[in-house]
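A look at the structure
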Amino acid sequence: MDISYTIKSLRQAGLTQTQIGNAIGLKQTSISDMESGRAGIKRPSYQVISGLLRLAAEHQVATEPPS
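Overview of the structure. (Residues numbered from 1 in each chain as written. Predicted model: local features only at pLDDT ≥ 70, side-chain atom pairs only at ≥ 80, totals over all residues. Heavy atoms only, no water.)

Notes on the packing of helix α1 (residues 3-12) against helix α4 (residues 46-59)
As a packed pair, α1 and α4 sit with axes 10 Å apart at the nearest point and diverge in direction by 40°. Where α1 crosses over α4, the two elements pack in a sense that is left-handed. Of α4, the residues touching α1 (which contributes I3, T6, I7 and L10) are V48, L52, L55, A56 and H59. Looking at the contact of α1 with α4 residue by residue, the class counts come to 7 nonpolar, 2 polar and no charged. (Axes fitted to C-alpha atoms, helices over the stretch in contact; angles between N-to-C directions. Helix = DSSP H or I, 4+ residues; strand = E, 2+ residues; numbered from the N terminus. Left-handed = near helix turned anticlockwise from the far one by under 90°. Contact = heavy atoms within 4.5 Å. Nonpolar A, V, L, I, M, F, W, Y, C, P; charged D, E, K, R; others polar.)

Regarding the environment of E64
Checked against the element boundaries, E64 lands in the segment after α4. E64 sits 55 residues away from S9 along the chain, and the two C-alpha atoms are 9.3 Å apart. With residues near it in sequence (within four places) discarded, E64 still touches M1, D2 and Y5. Reaching out from E64, the side chain makes a polar contact with the backbone nitrogen of D2 at a distance of 3.1 Å. (Polar contact = N/O pair within 3.5 Å; in protein donor to acceptor, adjacent residues only side chain to side chain.)

Keep in mind that these numbers describe shape and distance, not what the molecule does.
Here you go:
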């Protein structure tokens, strides 16, 4: 899963960074950092991965860029 791409996809589906953060237990600033690639997300927590995967499934968005 590409975390930055997943967040961007969720945002295109209409979610705000605050809504994404609230859904997975993070602050909006953390979501902003992950979306822009500023955050060190080499080893994201289970909470982040599972939350983003759940949101992606709920909103039917891709978690990887098209190849």
